[in-house]
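Spelled out from the first residue to the last, the chains are:
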Amino acid sequence: MTGPDYLAALLLLAGALFFLAGTLGLLRFPDVYTRLHALTKADNVGLGLIVLGLSLQSGSWLVAGKLILIWLLVLLAGASVSHLIARGARLRGIPEWRR
Amino acid sequence: MSLLQTGIDALLALGLVWLAWRALACPDLFRGIVLFIAFGLLMALAWVRLEAPDVALAEAAIGAGLTGALLLAALARLNRIAPAGTRADTREAWRNAPALLLVLAGAGLGLAVLSLLPEPAGLQAQVAAELGRSGVSNPVTAVLLNFRGYDTLLEVLVLLLALLAAWSLEAEPPRREAAPGPVLDLLLRLLLPVLVLAAAYLLWAGAHAPGGAFQAGAVLGAAGVLALLAGWRLQPHLTGLPLRLAIVIGPGGFLLVAWALLLTGRPLLEYPPALAGALILLIETLATLSIAATLAVLFQGSRPAAEPPA
Amino acid sequence: MSAAGFYALAGVALVVLGLYGLAVQAHLLRKLLAVNILGSGVFLVLVGLGGPADAGPDPVPHAMVITGIVVAVSATALGLVLMLKLTTTSGRPTLEDDAPREGPEA
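Residues numbered from 1 in each chain as written. Chains lettered and ligands numbered in written order. Predicted model: local features only at pLDDT ≥ 70, side-chain atom pairs only at ≥ 80, totals over all residues.

## What about the overall build of chain A?
Definition in use: Numbering of helices and strands starts at the N terminus; helices are DSSP runs of H or I of at least 4 residues and strands are runs of E of at least 2. Computation of the radius of gyration draws on C-alpha atoms, with the globule rule given as 2.2 Å multiplied by the number of residues to the power 0.38. Residues are treated as contacting if the C-beta atoms built from their backbones sit within 7 Å of each other.
The number of helices and strands found in chain A is three helices and zero strands. Taking 99 residues into account, the globule formula puts the C-alpha radius of gyration at 13 Å, and chain A, at 16 Å, lies well above it. Taken along the three principal axes of its C-alpha coordinates, chain A extends 55 × 25 × 10 Å. Contacts spanning at least 24 positions in sequence make up 62% of the contacts within chain A whose residues lie at least 6 apart.

Structure below.
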């Protein structure tokens, strides 16, 4: 393994950690709004780190560009969908969690 | 095969069975459908592990995406028709089941699969031998559109038949949904060109890489579903003949090609090798349009009215 | 056992689960879910048995499964319309025989 390999492995592990934390939040947080909060962090940052790691490993600008495009699309879709879910929950009158 | 890969495969296979079980057994139907969509996504991963990327694309777009959208839309309509009917008490039913019969059937199937596993006999060699004359270099597309083109012709007709049946039943008059707000509209404006581009790419790439008419049609159809969700509707002058043309142009074009080839004295759907690539691309392009239109209209559920509903 | 073997056996389990759900679930939407899961199981068996051998994966089952996925979505769409139609006429999303015989009226 060379330097870039170690960096890629580090990025992938960090991304996996974000996904783990996000999943934990999705399962353990008390209401829909806080769960969305956990989920979007995992998706956006976790996937970003994984895409970076994979781009380093791919060794081709074309593949790296495609991967980053996928990340941007997921960012766009994820942000919009979590907005729609939160909006739907509000319209249905689901209250926010209070301690 | 390394231990890690075996672990991933075992985990994925177990996850599939567990999700299917939960999708069928949990009392809330909405939850069941969401679990079923997750099941479809895991299926797509399983196809990747089985080295079937074409199937993975079709599963993710159609099996998980569009089927899930259809199920959720039907559940919403069911909620309006019969609000009490969306919860089903499953526990009573699970008890008095023909369990023994099913265990026997499962054991028989399992034994059959285990006995067949050691010697998988495939058609790889035959497909590879004829691939050069098929007009494409992706073996799956060659099988779909050339070697077993009649399967695909019938499949496109099945899709048309389902739409005709759905339209003639007319389950529910069309209804204006609440506007979903500006975010979905904006998302759609950004995504629509990307989705059209992705569909065109999948269609073109299908000749030499994973992709093809069904995956492209599903992506384009998903764009249509998104547009319907955002409250976009076809202009009234487009819902008549133009929409119907878009729906039948795929099967119609396919039938015309088959008929023209029969007229030249060839067997059914056996293309001349020199023309095969062009004919396959033509059929696939028309089929993509029809598949997309049919899937989007099936999602809408009712025949699009020629004039806006009062 | 090869990786394909896992998936073929998972396919068998899905077929059994799907059959079970189809037989015992009263709600028609759930029956449609069961049919879809049953179909997925059949697809897994089909591809798992033709799985990655030395000559590479067999493209014929792959093509047949793609055909099957499209037919499954067509059938599901039609089934959902039929279910909605039946519910509009009878008021219940279940078949006559499967109606609950005891307990509170739905």
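Let us keep going from here.
## Let's talk about the interface of chain A and chain B
Put simply, the test is: Three residue categories are used. Nonpolar comprises Ala, Val, Leu, Ile, Met, Phe, Trp, Tyr, Cys and Pro, charged comprises Asp, Glu, Lys and Arg, and polar comprises the others, including Gly.
In this complex, chain A contributes six residues to the contact, which on the side of chain B involves seven residues. By residue class, the composition of the side of chain A that touches chain B is three nonpolar, two polar and one charged.

## Looking at the interface of chain C and chain B
Every contact between the two is made by 70 residues of chain C and, on the other side, 76 residues of chain B. Residue assignment for the side of chain C that touches chain B shows that the elements contributing at least two residues are α1 (3-24), α2 (28-49) and α3 (59-90) of chain C. Ranked by residue count, the leading element in the side of chain C that touches chain B is α3 of chain C, at 24 residues. Class assignment for the residues of the side of chain C that touches chain B results in 49 nonpolar, 17 polar and four charged.

## Brief notes about the packing of helix α7 (residues 139-147) of chain B against α3 of chain C
Filter applied, for reference: A fitted line through C-alpha atoms represents every axis, and for helices the fit uses only the stretch in contact; the resulting angles, taken between N-to-C directions, go from 0 to 180 degrees. When an angle is under 35 degrees it counts as roughly parallel; over 145 it counts as roughly antiparallel; between 65 and 115 it counts as roughly perpendicular; any other value is oblique. Note on convention: near helix rotated counterclockwise from far helix by under a right angle means a left-handed crossing. Clockwise means right-handed.
Packing of α7 of chain B against α3 of chain C brings their axes to within 8 Å, and their N-to-C directions diverge by 60°. As far as their axial angle goes, α3 of chain C and α7 of chain B are oblique. Remark: the crossing between α7 of chain B and α3 of chain C carries right-handed chirality. Here α7 of chain B contributes Pro-139, Val-140, Val-143 and Leu-144 of chain B to the contact with α3 of chain C, which in turn contributes Pro-59, Val-60, His-62, Ala-63 and Ile-66 of chain C. Looking at the contact of α7 of chain B with α3 of chain C residue by residue, the classes come out as eight nonpolar, one polar and no charged.

## Things to note about the environment of Pro-53 of chain B
Note the cut-off: The exposure label follows from counting other C-beta atoms within 10 Å of a residue's C-beta, where the C-beta atoms are placed from the backbone and the thresholds are 20 or more for buried and 12 or fewer for exposed, leaving partly exposed in between.
Locating Pro-53 of chain B in the fold gives a position in helix α3 (residues 53-81). Among the residues examined, Pro-53 of chain B registers 19 C-beta atoms within 10 Å and is labelled partly exposed.

## A short note on unusual backbone geometry
Residues and elements named next belong to chain B. The residue Glu-51 is not glycine, and still its phi comes out positive at about 60°. Mapped onto the secondary structure, Glu-51 falls in the loop between α2 (29-49) and α3. At Leu-269, a residue that is not glycine, the phi angle is positive and equals roughly 55°. By the element assignment, Leu-269 lies in the loop between α11 (241-263) and α12 (273-300). The class for Leu-269 is buried, based on 21 C-beta atoms found within 10 Å.

## So, α3 of chain B
The cut-off we apply is this: Expected span, for any helix, means 1.5 Å times one less than how many residues it has. Across the chain, bend at a residue is computed as the angle between axes fitted to the seven residues ending at that point and the seven starting from it.
Counted at 1.5 Å a residue, the expected span for α3 of chain B with its 29 residues is 42 Å, and the 40 Å between its end C-alpha atoms agrees. The sharpest bend along α3 of chain B reaches about 40° and sits at Glu-59 of chain B.

## Overview of the confidence of the model for chain C
Low pLDDT means the predicted atomic positions in that stretch should not be read closely. All names here are of chain C. Defined as follows: Note on scores: pLDDT gives the predictor's confidence for each residue, bounded by 0 and 100.
Mean pLDDT over chain C stands at 84; residues scoring 70 or higher make up 84%. Across chain C, element-level confidence peaks in α2 with a mean pLDDT of 93 and bottoms out in α1 with 89. Predicted confidence for residues 101-106 stays below pLDDT 50, and this span has four contacts to residues more than four positions away or in other chains. Across the whole predicted complex the pTM is 0.89, and at the interface the ipTM reaches 0.89.

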